[in-house]
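Structural overview for review
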Amino acid sequence: MDVNAAVAALAAIAGVCTGVIAMLAFRWSERDQARPTRSSLHTDAVLPPGVDTVLSVLRSSAVVLDEGDSVVKASSAAYALGLVRGGKLAVEPMLHMARDTRRDGEIRQVELDLPRRGTGRGEALAVSARVAPLGSRLVLLLVEDLTEARRIEAVRRDFVANVSHELKTPTGALSLLSEAVMDASDDPEAVTRFAGRMQIEATRLTNLVQELIDLSRVQNDDPLEDAEPVRVDELVAEAMDRSRHPASTKQITMAAGGTADLHVWGNRGQLAAALGNLVENAVNYSPARTRVGIAARRIAAPGGDMIEIAVTDQGIGISEKDRERVFERFYRVDPARSRATGGTGLGLAIVKHVAASHGGEVTVWSSEGQGSTFTLRLPEAGAVRDRASRRDPVTVDEDDDVPDVPYETFSSAVPVSQAIVPAPEVLP
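Residues numbered from 1 in each chain as written. Predicted model: local features only at pLDDT ≥ 70, side-chain atom pairs only at ≥ 80, totals over all residues. Heavy atoms only, no water.

A closer look at the overall build of the chain
Filter applied, for reference: Counting from the N terminus, the helices are the DSSP runs of H or I reaching at least four residues and the strands are the DSSP runs of E reaching at least two. Exposure is judged per residue with a 1.4 Å probe applied to protein chains only, and the accessible area is read against the type maximum: over 50% gives exposed, under 20% gives buried, and values in between give partly exposed. Working rule for contacts: check all heavy atoms of both residues, and any pair within 4.5 Å makes them a contact. Residue exposure ignores everything except the shown protein chains as possible cover, and the areas themselves are Shrake-Rupley values with a 1.4 Å probe.
A count of helices and strands for the chain gives 15 helices and 14 strands. In the chain, which comprises 428 residues, the proportion classed as buried is 39%. Looking at the chain alone, contacts between residues at least 24 apart form 66% of all its contacts between residues at least 6 apart. Looking at the chain as shown, the accessible area adds up to about 24100 Å², and 54% of this sits on carbon and sulfur atoms.

Side note on helix α5 (residues 92–104)
Under the convention used in this document: The span expected for a helix works out to 1.5 Å for each residue beyond the first. Here, the arc refers to the directions that run from the helix axis to the C-beta atoms.
For α5, spanning 13 residues, the distance from its first C-alpha to its last is 19 Å, which sits close to the expected 18 Å at 1.5 Å a residue. Within α5, the full set of buried residues consists of Met94, Leu95, Met97, Ala98 and Thr101. For α5, the angular spread of the buried residues around the axis is 160 degrees, confining them to a single face. Summarising the contacts, the buried residues of α5 are in contact with β1 (61–65), β4 (88–89), β5 (108–115), β6 (124–134) and β7 (138–145). Directly after α5, the chain includes Gly105, whose backbone phi takes a positive value near 80 degrees.

Digging into the sheet that holds strand β9 (residues 253–258)
Stated precisely, the cut-off is as follows: Should DSSP find at least two bridges between two strands, the strands are regarded as paired. For every element, the axis is a line fit to its C-alpha atoms; helices are fit only across the contacting stretch, and the angle between N-to-C directions ranges from 0 to 180 degrees.
One open sheet accounts for five strands, arranged β9-β11-β12-β14-β13; its pairing is mixed. Among the strands making up the open sheet, the edge pair consists of β9 and β13 (361–367). Taken over all neighbouring pairs, the strand axes of this sheet differ in orientation by 15 degrees on average, direction set aside. The pairing of β9 with strand β11 (residues 291–299) spans six bridges and is parallel. Following the sheet pairing, Met254 is matched in β11 by Val292.

As for the environment of Arg99
Note the threshold: In protein, a polar contact means a hydrogen-donor-capable atom and an acceptor-capable atom, both N or O and within 3.5 Å, with residues adjacent in sequence counting only if both atoms are side-chain atoms; elsewhere, any N or O pair within 3.5 Å suffices.
Following the sequence through the fold, Arg99 ends up in helix α5. Exposure remark for Arg99: the relative accessible area of 34% places this residue in the partly exposed category. Through-space distance from the C-alpha of Arg99 to that of Gly68 is 9.5 Å; in sequence the pair is 31 residues apart. In this structure the side chain of Arg99 is engaged in a polar contact, spanning 2.7 Å, whose partner is the side chain of Asp69.

Some remarks on the sheet that holds strand β2 (residues 71–74)
As summarised here, the arrangement of the five strands in space is β2-β1-β7-β6-β5, forming an open sheet in which the pairing is antiparallel. Each edge of the open sheet is held by one strand with a lone partner, namely β2 and β5. Here the strands of the sheet are splayed against their neighbours by 25 degrees on average, with no regard to which way each runs. The pairing of β6 with β7 spans eight bridges and is classified as antiparallel. Its bridge partner being in β7, Val127 is matched across the sheet by Asp145.

What to know about the packing of aromatic side chains
This is how it is decided: Two rings from Phe, Tyr or Trp (for Trp, the six-membered ring) form a pair when their centres sit within 6.5 Å of each other. Planes less than 30 degrees apart are called stacked, planes more than 60 degrees apart edge-to-face, and all others tilted. Criterion for a charge above a ring: Lys NZ or Arg CZ within 6 Å of the ring centre, and within 35 degrees of the ring normal.
Under the criterion given, the structure shown has one aromatic pair. Looking at Arg193, its charged tip hangs above the ring of Phe194, at a distance of 5.1 Å from the centre. Above the face of the Phe327 ring, Lys352 is positioned so that its terminal group lies 5.8 Å from the ring centre.

Section: the pairing of β2
Across three bridges, β1 lies against β2 in antiparallel orientation. Along β2, the bridge assignment pairs Val63 with Ala74. Connecting the antiparallel pair β1 and β2 is a turn made up of five residues, with Asp69 showing a positive phi of about 65 degrees.

So, the packing of helix α10 (residues 268–284) against helix α13 (residues 347–357)
Selection rule: An angle below 35 degrees is read as roughly parallel, one above 145 as roughly antiparallel, one from 65 to 115 as roughly perpendicular, and any other as oblique. Two helices that cross are described as forming a left-handed crossing if the nearer one is turned anticlockwise from the farther one by less than a right angle, and a right-handed crossing if clockwise. Lys, Arg, Asp and Glu make up the charged group, whereas Ala, Val, Leu, Ile, Met, Phe, Trp, Tyr, Cys and Pro make up the nonpolar group; the residues left over, Gly among them, are polar.
It is the contact of α10 with α13, at a shortest axis distance of 9 Å, that shows an interaxial angle of 140 degrees. By the angle between their directions, the pair α10 and α13 is classed as oblique. As α10 runs across α13, the sense of the crossing is left-handed. Only Gly347, Leu348, Ile350, Val351, Val354 and Ser357 of α13 make contact with α10, whose side of the interface consists of Gln270, Leu271, Ala274, Asn277, Leu278 and Asn281. Taken together, the residues of the contact of α10 with α13 break down into seven nonpolar, five polar and no charged.

Brief notes about the nonpolar core
Where we set the bar: Buried Ala, Val, Leu, Ile, Met, Phe, Trp, Tyr and Cys residues that are joined via side-chain atoms within 4.5 Å together make up what is termed a nonpolar core.
Counting residues in hydrophobic clusters, the biggest one holds 44 residues, and the most contacted among them are Val232, Val264, Ile294 and Val311. No other element matches α10, which puts eight residues into this core. Among all residues touching Val311, those that are not within four sequence positions of it are Leu275, Leu278, Val279, Ala282, Val292, Gly293, Ile294, Ser372, Thr373 and Phe374.

Encoded structure:
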């Protein structure tokens, strides 16, 4: 009995010791987990409560520096702009600002032009940097990218200057012509002549104001809000009707063809205006007794089939240096001819915006003395095409005034597939 009691006592003592050791190990583990690591001392522990959360929701690029100029916290935008590299602030002027702010506690702000990473073209990145103390040891740097804002402001300034100049020309002419009419009140022939000129200038002013309204509309409105399947045949017929009178005056033959029963998806009014501008330009810049052709076809594209509408003329053509700028607002290849035809220099800019807002593009091929081909590419209305494929092929209605002419008829000067070149980048 005494042996059994001794064994039981020893087992009890061993159990107590095991429990004590387990408790001590648990306490030691908790203390180990609560002890700050080197990384936490370098990041979260030194930041005031809530700062990390605030920095994560800021749109500005944020960088927090410690007393040794090491980066404690940096947003992903700061890395994207190239402000932080290797755990250090890579922009020397900002680093000097941070040191001055740490020394005297004053908030500083400056605008800088930084080299853009990876371009190699000397493009500058405009930023606004603001430095403020954060606690007793840290400095907060907030950087705002102003590049896009500056570009938009420059576009607005140029646009206002161009509009002012363009409006001043017809209004000034009207003022002078009205004075001439008053001075020639006793000469009926002179009054008739001056009145005719006044009508021309008034028409030019009306067209300019209307195209400014159209340009503003295509820039601000979302064309896909009122999007619908639009028949390309109807767009072509409407564009031809719009230019039929000036074409007949110059004895220019207009013909359309290509693939029938194509549909695009978008705003009918904007698409009609864009194609109408292309056809109108082709007529205006073509000599008498020439030919203007409009052809449509379906082409395969990675994101889905596209509808390609090509407008080809046999006009004066466009030089290489002018081809880079023809889609800019108010840019005219031949200012004298534009004045004679009433051109405002906004037609191709409107086409460019309509194409871009519909998910397409407009491109140009041209050779001086041989003519030009403007190609409008737009996404096909896929649902309409699927429904049409399950029915019998549909031919062009006679009422559409679009004769069935092969697509290749209008690409004799150059195949349209070779005439497509990237459109130049233009200001919005």
